[in-house]
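Residue-level structural notes
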Amino acid sequence: MLLSGFPLFFHKNPVFCIICVERRDFMDDTIIIRGGNRLEGVIDLQGSKNSSLPILAATVLVDGISVIHNCPELSDVGAAIKILEHLGCKVKRDGNDLTVDSRFVNACSIPDSLMREMRSSIVFLGSVLGRTGQARLSSPGGCEIGLRPIDLHISSLRAMGVSVDESRGCISCKKEKTHKDTVISLTFPSVGATENIILAAALGKGRTVILNAAREPEIKDLADFLCGCGCKVELTGHGTVTVDAVERAHGTVHRVIPDRIAALTYLSAVAVTGGDVLIKNTDTSHYQTVLPFFERAGCDITDSVDRVRIKMNRRPLALRDIRTMPYPGFPTDAQATMMATACVARGTSVIVENIFEGRFKHVGELVRMGAKIKLEGKVAIVDGVEALYGTRVACPDLRGGAALVVAGLCAKGVTQIGTLSHIDRGYEKLEQCLKNIGADIERCKGK
Ligand code: EPZ
C-alpha cells in the first residue's frame, strides 16, 4: 500500500506523516487487550532473566560443558547467546535447557553491534577478563531508565590490579601478571558491579573480598553456579562476598532460579482484575518483603516455598509507602507494575524511586489511560481512579511495558500496546500466560 514505508521526512504534509506514523506503528507486533476479565488459574513461572544473563556470562570461565536448566526464552538471552558464540562457545538450546560448550573460547573482544543489543552485556567484561586475561568491549551506554554508569565496575577492577583504559566509547582491560589479595568496598551495592568482580576474581590466584556487595538472589544463584564449576565463592548474609581464585573451572549442571519480578508482575495483574491465581515454581523467599504490600492492598495471599496463591475480590487499597531499595528492600523492577495497581486503588499512593533516575517513563502512558499521577522528582503521587480507559500506548522500557499490560487488563475498552520488543526482553510468553488464566489478550503480528 502506498502509505507503508513512505519516507516520512520527504513529505511536507503533516497529516500524511501522521498516517505513516500510524502505519509504521502497525509494522511492529502489538498486544491487544480487552480489559475487565477476572484472572483465574495456574501460572508456571519462568526462570529468572537477571540470573540467566550473569550465569551465561560465567560459562566463559568454564573449560568444559555446562547445562543450564530453566533458562527463559527471551531476546536478552538470545543476545547473550550471540556473544557466547562470538567468543568461540558452542550453544545448543532445547526449550528452556541450554548446553554451553566453552572449551574453545578464542576471543577477548565483543563488537559494538553485539554490545548494543543488550545493555547488561557489560557483565561479560569480568568473565572474558577472567578467562583470557584481557577484554575489550564498547561502553554499554545508558538506556531507557537512566545513565547506568559503570564507575563501580571500573574502579573495582583497577583495585584488583587490572589495567583499564576507557576511551572513544571503548573499554580495554588487561589482568596484570602479579596477583594480589584485594578488599573492595562498594559505595553502592551494585548488582552488576558485584557480578563483574566475582567473575573477574574467580580464576587465577589470590583472594578477593567484596564489602557492601549486592544481596539480590541472582548473586547467590551466580555463586552457586560457579561453585558447581569448582570455583570458591562464599556469601555471608550481610553483603560480604569472598572469592578464592582457582586454577580452572569445569562444566556443571545448574537450574536457574525462578524470576521473582515476573512473579510480582502477575500478582499485580490479579490485584487489579480480581481473581484467584496460583503461581507455581516460584521461590517466595525472594520477595517476602513485597508480599505484605499486596496484603495491605486487600489481596488474600497464601504462600509456601515454591508457590503463591493470590485471591482478590475488591478494588485494591492505596499503597502508602513504596520506596525502591537494594535487596531485600522493595525491588525497583516491580515499581512500574505496582504503580499500575496504585492507579486503580482506592485512595492516594506514594511511590519513591530511589534506584534509577529515569524509571518513571511509564507515567505518561498510564496518564493517557486516565491515571491521575503527579511527579515530584523521584516521588510519584498516584490518586487512584475508579477506572482506566483503553487506548493506544507504547512500551517505554521493559518494566514500564509490563505496567501497561497490567493497566490494560483492568481498563474499560481496548488497549493496544506497541513497541513490544521491550517486553520480549524479559517476559517469556507473557500474553499466553495471561490468556491461560482468562485474560482477553492477543498478540498481533506486525507487517
Ligand atoms: C541489575 O541492573 C538488573 N539487571 C536490573 O534489572 C535491576 O533493576 C538492578 O540490577 C537493580 O536491582 C540485570 O540484572 C541484568 P545496579 P544493574 O548496578 O546491575 C548505580 C530489569 O528490569 N550504579 O545495581 O545495572 C546505577 O546507576 C533490569 O530487569 C552506579 O552508580 O543495577 C543505579 O542507580 C533493569 N555505578 C544503581 O547503582 C555503577 O558502576 C543500581 O544499579 C553501577 C551502578
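A brief look at the structure comes next. All of these numbers come straight from a predicted model, not from anything done at the bench.

Between helix α2 (residues 49-58) and helix α8 (residues 217-228), the shortest axis-to-axis distance is 9 Å and the interhelical angle comes to 30°. By the criterion of interaxial angle, the relationship of α2 to α8 is roughly parallel. Both α2 and α8 take part in a crossing whose hand is right-handed. Facing α2, whose interface residues are N50, S51, P54, I55 and A58, α8 presents E218, D221, L222, F225 and L226. In terms of residue class, the contact of α2 with α8 is made up of 6 nonpolar, 2 polar and 2 charged.

Bringing helix α3 (residues 75-86) into the picture now. Since there are 3.6 residues in each turn of an α-helix, residues three or four apart along the chain are aligned in direction. With 12 residues, α3 should reach 16 Å at 1.5 Å per residue; the first-to-last C-alpha distance of 17 Å fits that figure. The complete set of buried residues in α3 reads D76, V77, A79, A80, I81, I83 and L84. G88 sits one or two positions beyond α3 and adopts a positive phi of about 105°.

Within the open sheet, the 4 strands sit side by side as β10-β11-β13-β12. Their pairing is mixed. Both outer strands of the open sheet, β10 (182-185) and β12 (232-235), are each paired with one neighbouring strand and no more. Direction aside, the axes of adjacent strands within the sheet are offset by 15° on average. Pairing geometry for β10 and strand β11 (residues 207-211), over 4 bridges, is parallel.

With that out of the way, let us pick up the site of the ligand. Around the ligand, the surrounding shell holds 22 residues, and the nearest of these are D151, L152, S190, D333 and I355. For the ligand, an oxygen atom lies 3.0 Å from a polar atom in the side chain of K49. Contact between the ligand and D333: an oxygen atom at 2.5 Å from a side-chain N or O atom of the residue. Here the ligand has 830 Å² of accessible area as a free molecule, and 86% of this is covered by the chains. Mapped onto the shell around the ligand, the elements with two or more residues apiece are α2, α6 (151-159), α7 (191-201) and α13 (398-410). Ranked by the residues each element gives to the shell around the ligand, the list is headed by α6, at 3 residues. Of the residues belonging to the shell around the ligand, the class tally is 9 nonpolar, 6 polar and 7 charged.

Criteria and cut-off values
- Residues numbered from 1 in each chain as written.
- Predicted model: local features only at pLDDT ≥ 70, side-chain atom pairs only at ≥ 80, totals over all residues.
- Heavy atoms only, no water.
- Axes fitted to C-alpha atoms, helices over the stretch in contact; angles between N-to-C directions.
- Helix = DSSP H or I, 4+ residues; strand = E, 2+ residues; numbered from the N terminus.
- Parallel < 35°, antiparallel > 145°, perpendicular 65-115°, else oblique.
- Left-handed = near helix turned anticlockwise from the far one by under 90°.
- Contact = heavy atoms within 4.5 Å.
- Nonpolar A, V, L, I, M, F, W, Y, C, P; charged D, E, K, R; others polar.
- Expected span 1.5 Å × (residues − 1).
- Buried < 20%, exposed > 50% of the residue type's maximum accessible area, 1.4 Å probe, protein only.
- Pairing = 2+ DSSP bridges.
- Near = heavy atom within 4 Å.
- Polar contact = N/O pair within 3.5 Å; in protein donor to acceptor, adjacent residues only side chain to side chain.
- Areas by Shrake-Rupley, 256 points an atom, 1.4 Å probe, with all protein chains shown as cover.

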